[in-house]
Amino acid sequence: MKQNRREILRTAAMATIASSALSSVAKSQSAKKFDSIPRVKLTSLPTSLNKMANLTTLMGGSDIYIKRDDVMELAHGGNKTRKLEFALAEALMSGAKAVVTQGGLQSNHVRQTVSGAAKVGLEVHVILSNPVPEMEAELKGSGNYLMDQIMGAHIHLAGAEGRGPVVEKVLADLTAAGKKPYNIPAGASNAIGSMGYVNAGRELIEQWKEQGISPSHIFTATGSCGTAAGLLMGLRYFGNNTTKVVAMSVSASADRLKPRIRQILNDASDMLGVSHDFVKDDDIHVEDGYYGKAYGYPTDAGIAALRMVGEAEGILLDPVYTSKGMSGVIDMLRKDKLVNPRDLVFLHTGGAPAIHPYANYFKA
């Protein structure tokens with residue numbers, strides 16, 4: 001009987017060793033597959049991950065950390081820099097002489113694309129629309145729009161027809177001029193762009209290990225969905241199956257955003273060589289109770305969250321994106337809406353330059 005028990009234990013141990021070896025091989029193959037995707041270096045990584053000790057004390061619960069993707073090297077930084085490392089690499093490989101992208105007048109993505117294109121020597125054309133018509137003078141007078149002008153962007157303004165027809169015309173004109181334009185969608189939110197946050201997922205896993213934390217949730221403000229999709233794929237692809245990625249909508253209902261995240265996940269799965277159900281639908285979490293009127297419009301709760309983080313931590317959020325996301329995190333903590341929260345992480349995706357055109361929201 002003892003002999004049988006020893007044999008059973010030995011067999012189980014050998015199976016565990018074999019399983020670990022297979023797991024290591026699989027992880028190595030995954031990393032090799034990911035690292036084969038072309039990338040151009042646009043910033044120094046990793047970005048920092050810090051505990052917000054003062055905010056944690058104010059909230060009186062779980063430790064709260066912040067991932068500082070607002071601190072990067074493309075004209076005041078932001079999450080799109082990671083995406084552009086892959087998108088601009090593809091543009092260069094395709095032989096493009098110009099890139100085209102689009103967004104709102106104060107688009108953080110557009111500002112980073114203009115900066116990245118200048119860095120790698122590509123002409124850049126941007127198609128901008130106004131999400132807040134009553135603030136046109138303010139939105140064109142400072143912040144990201146002014147930075148786009150300073151960095152030499154060719155700016156094309158879209159009217160009632162929307163950005164789509166203008167994008168098509170600009171692409172056609174550049175093609176006729178022999179410039180082989182490369183089109184980057186709004187937010188660089190497609191499969192190649194999402195690879196920036198697949199990489200961030202790997203980076204976070206290592207940082208959490210080094211700091212000895214095991215986050216139950218990571219929160220990211222979400223509009224075009226590429227960051228949320230990439231982050232979710234990255235965590236799962238590189239072995240984290242427990243941290244819940246919560247996409248905090250800044251612009252639309254969960255019913256609209258979940259299909260976008262699913263599509264980007266599917267396209268990213270094709271790129272990485274995994275099945276479409278590698279990330280399950282049940283793993284897609286969108287919180288849509290905090291975006292207010294629409295994209296580009298601040299909320300009272302968002303402005304309060306921006307002030308709270310600024311006063312407590314000396315960290316600047318932006319008025320229409322990260323502030324909305326943070327307001328949701330604060331509300332969910334205050335109302336005890338999170339299940340077993342632990343070592344919570346807020347991904348700061350940037351956007352502080354947009355504070356300037358929204359200055360009236362901060363005047364007493």
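Cut-offs used in this document
- Residues numbered from 1 in each chain as written.
- Predicted model: local features only at pLDDT ≥ 70, side-chain atom pairs only at ≥ 80, totals over all residues.
- Heavy atoms only, no water.
- Helix = DSSP H or I, 4+ residues; strand = E, 2+ residues; numbered from the N terminus.
- Rg over C-alpha atoms; globule rule 2.2 N^0.38 Å.
- Buried < 20%, exposed > 50% of the residue type's maximum accessible area, 1.4 Å probe, protein only.
- Contact = heavy atoms within 4.5 Å.
- Areas by Shrake-Rupley, 256 points an atom, 1.4 Å probe, with all protein chains shown as cover.
- Lys, Arg positive; Asp, Glu negative; His and termini not counted.
- Charge placed at Lys NZ, Arg CZ, Asp CG, Glu CD.
- Expected span 1.5 Å × (residues − 1).
- Pairing = 2+ DSSP bridges.
- Core = buried A, V, L, I, M, F, W, Y, C linked by side-chain atoms within 4.5 Å.

Visitor: Hey, could you run me through the overall build of the protein chain in this one?
Guide: Within the protein chain, the regular secondary structure consists of twelve helices and ten strands. Against the globule reference of 21 Å for 364 residues, the protein chain gives a C-alpha radius of gyration of 22 Å, in line with a compact fold. Its C-alpha atoms put the protein chain at 85 × 55 × 35 Å along the principal axes. Within the protein chain, the proportion of its 364 residues that are buried is 54%. Within the protein chain, contacts between residues at least 6 apart in sequence are counted, and of these 79% link residues at least 24 apart. In the structure as shown, the protein chain presents an accessible area of about 16,000 Å², 53% of it carried by carbon and sulfur atoms. Where the 40 positive side-chain charges of the protein chain centre and where its 35 negative ones centre are 5 Å apart.

Visitor: Which parts of the structure should I look at to understand helix α12 (residues 322-334)?
Guide: What sets the pattern is the α-helix's 3.6 residues per turn: residues three or four places apart point alike. Compared with an ideal rise of 1.5 Å per residue, which puts 13 residues at 18 Å, α12 spans 18 Å between its outermost C-alpha atoms and is within 8% of the ideal. Counted residue by residue, α12 has eleven buried out of 13 residues, so it is predominantly covered. Every buried residue of α12 is accounted for by Thr-322, Ser-323, Lys-324, Gly-325, Met-326, Ser-327, Gly-328, Val-329, Ile-330, Asp-331 and Met-332. Here the buried face of α12 lies against α2 (53-59), β7 (217-222), β8 (244-249), β9 (285-287), α11 (300-313) and β10 (344-348). A positive phi of about 55° marks Asp-336, the residue just after α12.

Visitor: When you look at unusual backbone geometry in this model, what are you seeing that I'm missing?
Guide: Most peptide bonds adopt trans geometry, and most residues besides glycine take a negative phi value. With an omega of 5°, the peptide bond between Leu-45 and Pro-46 qualifies as cis. Mapping Pro-46 onto the fold places it in the loop between α1 (2-35) and β1 (49-51). With phi around 50°, Ala-188 is a residue other than glycine that occupies positive phi space.

Visitor: Help me out: how do you make sense of the sheet that holds strand β3 (residues 98-104) in this one?
Guide: The strands making up a sheet associate through hydrogen bonds between their backbones, and the pairing can be parallel or antiparallel. Here we have four strands laid out as an open sheet, ordered β5-β4-β3-β6, and parallel in their pairing. Taken across any chain shown, the strands that pair with only one partner, and hence form the sheet edges, are β5 (154-157) and β6 (182-183). The sheet contact formed by β3 and β6 spans two bridges and is parallel. Note that in β6 the partner of Val-99 across the bridge is Tyr-182.

Visitor: What is the right way to look at the nonpolar core in this model?
Guide: Nonpolar side chains in soluble globular proteins tend to be buried together. Ranked by size, the top nonpolar core spans 69 residues in total, and within it Phe-34 and Ile-261 carry the most contacts. If you tally residues by element for this core, the top one is helix α8 (residues 191-211), at eight residues. Apart from residues lying up to four places away in sequence, Ile-261 is in contact with Cys-225, Ala-228, Ala-229, Ala-247, Ile-284 and Val-286. Phe-219, Ile-330, Leu-344 and Phe-346 belong to the second-largest nonpolar core, a separate cluster that totals 22 residues.

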